[in-house]
Amino acid sequence: MSAGNVTWLLIVVAVILANLPWCYGRFLLVIKPDRKKQWMCLLEWLLLYFLAGFLALGVEQKMQGENHAQDWEFYAVTFFLFMVFAFPGFISASASKRRL
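Here is a short report on the structure shown in this document. Counting restarts for each chain, with residues numbered from 1 along the sequence as it is written. For this predicted model, a pLDDT threshold of at least 70 governs which residues receive local features, and a threshold of 80 or more governs which side-chain atom pairs are given and counted, while totals over whole chains, interfaces and linings are taken from all residues. Side-chain metrics in this entry use all non-hydrogen atoms of the structure; hydrogen atoms and water are not considered.

Quick look at the state of the cysteines
When two cysteine sulfur atoms are found within 2.5 Å, that pair is recorded as a disulfide. One pass over the full model with this rule turns up zero disulfides. Unpaired in this structure, Cys23 has its nearest cysteine sulfur neighbour in Cys41, at a distance of 9.4 Å.

Digging into the packing of helix H2 (residues 38–64) against helix H3 (residues 72–85)
Only the contacting stretch of a helix is used when fitting its axis, a line to C-alpha atoms as for every element, and angles between N-to-C directions run 0 to 180 degrees. Each helix corresponds to a stretch of at least 4 residues labelled H or I by DSSP, and each strand to a stretch of at least 2 residues labelled E; elements are numbered beginning at the N terminus. Two elements in contact, H2 and H3, have axes whose closest approach is 11 Å; the angle formed by their N-to-C orientations is 125 degrees. One way to sum up the angle between H2 and H3 is to call them oblique. In the crossing of H2 with H3, the sense of the turn from one axis to the other is right-handed. On H3, the residues that touch Trp45, Leu46, Leu48, Tyr49 and Ala52 of H2 are Tyr75, Thr78, Phe79, Phe82 and Met83. Polarity classes work like this: nonpolar for Ala, Val, Leu, Ile, Met, Phe, Trp, Tyr, Cys and Pro, charged for Asp, Glu, Lys and Arg, and polar for all others, with Gly in that last group. Among the residues making up the contact of H2 with H3, the classes are represented as nine nonpolar, one polar and no charged. When an angle is under 35 degrees it counts as roughly parallel; over 145 it counts as roughly antiparallel; between 65 and 115 it counts as roughly perpendicular; any other value is oblique. Crossings are assigned a handedness: left-handed for a near helix turned anticlockwise from the far helix by less than a right angle, right-handed for a clockwise turn. Two residues qualify as a contact provided that any one of their heavy atoms is within 4.5 Å of a heavy atom in the partner residue.

What follows is the structure, given as structure tokens:
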């Protein structure tokens, strides 16, 4: 698989992981609360951000043989990009709660 295809696959996986907390009713994909609260979604979103990051680090290690050193700016950009990826799920969840 080429590097371009792997990059697009990682982006698609990141978009799915970013929206998962608001689209799935279970907390951490296991615990079924009566009603999933917003703090649960945010905590789950943060954990999935780190999961996506570790997945990307693993792919980089596998394809390049080493991980390139990054400064804090890189992680700030990936954090806010993951936040932008979560926007559709967050908005659709907020709109559906408002209708109820």
